[in-house]
Amino acid sequence: DIDVPVDAIVYGSSHAACTVNNGLLWENYGIASYTLSAGNQTVDGIYYFMRETFKVNKPKIALVETYTLGSDNFELKPLYRTALTTKWSFYYPFYILKRAHDLNYSREFTEELLLRMPIVHSRYNELDRADFINENFYNRGYQGSNENTPISRPVYTDDRAEIPTICQYYLDEMVKLCKENGVQLVFFNAPYEASEVDVSMQNSIMDFANANDIPYLGFIHNDDEYGINYDTDFREFSHLNDTGANKVTTALGEYMEESYDMTDHRDYAGYDDWNTHVDFLYDKQDKYKLYEQNSLPDYLNYLSSIKDKYTLVISLNGDYNALGEKAYSSNLLAFGIDEQSYLKGGTWIIQNGDITYYTEGESSYIFNTEFQNNVDCNLYKNDEDEFGHVLINGYDCSRETNGISIQVFDEHCLYFVDDIYVNVYDGLDINHIDY
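Residues numbered from 1 in each chain as written. Predicted model: local features only at pLDDT ≥ 70, side-chain atom pairs only at ≥ 80, totals over all residues. Heavy atoms only, no water.

Asks: Please provide a residue-by-residue account of the sheet that holds strand β2 (residues 33-37), values included.
Replies: Strand order in the open sheet formed by five strands is β2-β1-β3-β4-β5, with parallel pairing between adjacent strands. The open sheet has two edge strands with one neighbour each: β2 and β5 (216-218). Put simply, the sheet's adjacent strands are angled 20° from each other on average, direction ignored. The pairing of strand β4 (residues 184-189) with β5 spans three bridges and is parallel. Counterpart to N189 in the pairing with β5 is G218. Across the sheet, helix α7 (residues 165-181) is in contact with β3 (61-65) and β4; its angle to β4 comes to roughly 140°. (Pairing = 2+ DSSP bridges. Helix = DSSP H or I, 4+ residues; strand = E, 2+ residues; numbered from the N terminus. Axes fitted to C-alpha atoms, helices over the stretch in contact; angles between N-to-C directions. Contact = heavy atoms within 4.5 Å.)

Pasting the structure below:
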């Protein structure tokens, strides 16, 4: 449902989603990209995605990550991830019938797949808010990770594996489809702890690309050239972290910019969601830093350095001063909460670094306001309540604990960057609430 032209669409398995930083392509090159992938997605699913996207938003470049292009391990989970989308596709029956023919599915099972019965009609008892509301509407594909796990380098070989017949069919169809639609097809492999068997198949995919004049960027084959570091660039054995993904993405961005007539869309109307996705990725960097702070004073010190970026709701609850004023009150000064206000207690709303509302330590209050993008914020407390109540965007953020609670909310992206509380009876350790 994107109404503006997309420059590059990235296809493949989770290796595609965890490798190409769409925000970096946008911020540094003005390339409007989108990643359409599924975990362990096989070559037939990639081809199916291509047919669908070429019909509704044909890109200049189709970037295909090659991890599964030679795999004939056609499990059902990747099929479900690919096929059970929210929008009916005209190409879906062709995809299922071809898969059923190739793998000899029974007629009964094929009919179930065509009617989308296996998962959709078994989940009614599991449905929740996320099934009906796309809260990450701006996400272009890349989520990112700051995890780091050293891994072994690939096991290099000059051997060639035989590409299975069914994979060869879809590779040929992929080339034909891109030529018919005037889309530049580009293959790339994302580095990971590849075995000798894996590398031998990638060698064959590279040979296929060369034989068909398809550009092939081998980040496994040429890891030294691209500065891939197997001690620092991976979240686990199979996927890159932010450091590694940014290296690969920079190389892809430079290649596309140098090799093709790419339009810089950064100042074009209709591309706001790409800017929001960049904000999302920067928010994640702040979240990583916030999670690194183990004690309340350290947390408050870091939060004060980014307070202008977010809306904060800070509540002093119950016996919040049990450890004495020196425990953390001085760390609140950076937020405009002075000693007198600290002693009163209560709840503060801080927007763009300034206090916009304060409950003044009252024992009873009701306050309703609206943030950007129709986000409701409700604060209330009755005389008989020991703790105040905080509701933001439909979420109950009330913390019935003696100490402090803080919600860090991005009004633009419509989510919590962080939500923490500290029970001072247990010390000053941070407890995070994950949404």
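Asks: Describe the pattern of salt bridges, naming the residues involved and giving the relevant values.
Replies: Throughout the structure, instances matching the rule amount to 15 salt bridges. Ionic pairing is found between E111 and R107, a salt bridge with its closest N-O pair at 3.0 Å. Of this pair, E111 and R107 both sit in helix α6 (residues 107-114), separated by four residues, roughly a single helical turn. On the basis of relative accessible area, E111 is assigned to the partly exposed category, the value being 37%. Given the relative accessible area of 68%, R107 is considered exposed. Put simply, D223 and R153 hold a salt bridge, and the shortest N to O gap is 2.9 Å. Of the two residues, D223 sits in the loop between β5 and β6 (234-236) while R153 sits in the loop between α6 and α7, which places them 70 residues apart along the sequence. On the basis of relative accessible area, R153 is assigned to the partly exposed category, the value being 40%. A single salt-bridge network, built from bridges that share partners, covers R153, D223 and D224. (Salt bridge = Lys/Arg side-chain N within 4 Å of Asp/Glu carboxyl O. Buried < 20%, exposed > 50% of the residue type's maximum accessible area, 1.4 Å probe, protein only.)

Asks: Report on the nonpolar core, specifying residues and quantitative values.
Replies: Counting residues in each nonpolar core, the largest one holds 58 residues, and the members touching the most others are L63, L303, Y328, L332, F335, I404 and I406. A per-element tally of this core places helix α9 (residues 242-259) first, with five residues. Leaving out residues up to four positions away in the same chain, L303 has contacts with L290, L312, F335, I406 and V408. One finds Y80, Y92, Y95 and Y170 within the second-largest nonpolar core, a separate group that totals 50 residues. (Core = buried A, V, L, I, M, F, W, Y, C linked by side-chain atoms within 4.5 Å.)

Asks: Break down the packing of helix α3 (residues 43-56) against helix α5 (residues 92-103) for me, with residues and values.
Replies: Closest axis-to-axis distance for the α3/α5 pair is 10 Å, and the angle between their directions is 160°. Taken together, the axes of α3 and α5 lie roughly antiparallel to each other. The interaxial crossing formed by α3 with α5 has right-handed handedness. The residues of α5 that touch α3, namely those facing D44, G45, Y48 and R51, are Y92, F94, Y95 and R99. Residues of the contact of α3 with α5, tallied by class, amount to four nonpolar, one polar and three charged. (Parallel < 35°, antiparallel > 145°, perpendicular 65-115°, else oblique. Left-handed = near helix turned anticlockwise from the far one by under 90°. Nonpolar A, V, L, I, M, F, W, Y, C, P; charged D, E, K, R; others polar.)

Asks: Give me the pairing of strand β15 (residues 403-410): which residues, what numbers.
Replies: Within a regular strand, the side chains alternate between the two sheet faces. The buried count for β15 comes to eight of eight residues, which makes it a mostly enclosed element. Direction of pairing for strand β8 (residues 311-317) relative to β15: antiparallel, over a ladder of seven bridges. Bridge pairing in β15 links L312 to V408. Relative to strand β16 (residues 415-423), β15 is paired through eight bridges, and the arrangement is antiparallel. Note on β16: the bridge partner recorded for I404 is V422. From the end of β15 to the start of β16, which pair antiparallel, there are four residues, and L414 there has a positive phi angle of about 65°.

Asks: Mind laying out unusual backbone geometry, listing which residues take part and the relevant values?
Replies: A positive phi is found at N40, a non-glycine position, where the angle reads about 60°. For N40, the location among the structural elements is in the loop between β2 and α3. With relative accessibility at 39%, the residue N40 sits in the partly exposed group.

Asks: Quick rundown of the packing of α5 against α6? Include the residues and the values.
Replies: The geometry of a pair of packed helices is captured by two quantities: the angle between their axes and the separation between those axes. Two numbers describe how α5 lies on α6: the axes approach to 10 Å, and their chain directions differ by 160°. If you check the angle between α5 and α6, you find them roughly antiparallel. Relative to α6, the crossing made by α5 is right-handed. Contact residues: Y92, P93, I96, L97 and A100 in α5; T110, L113 and L114 in α6. Residue composition of the contact of α5 with α6, by class: seven nonpolar, one polar and no charged.

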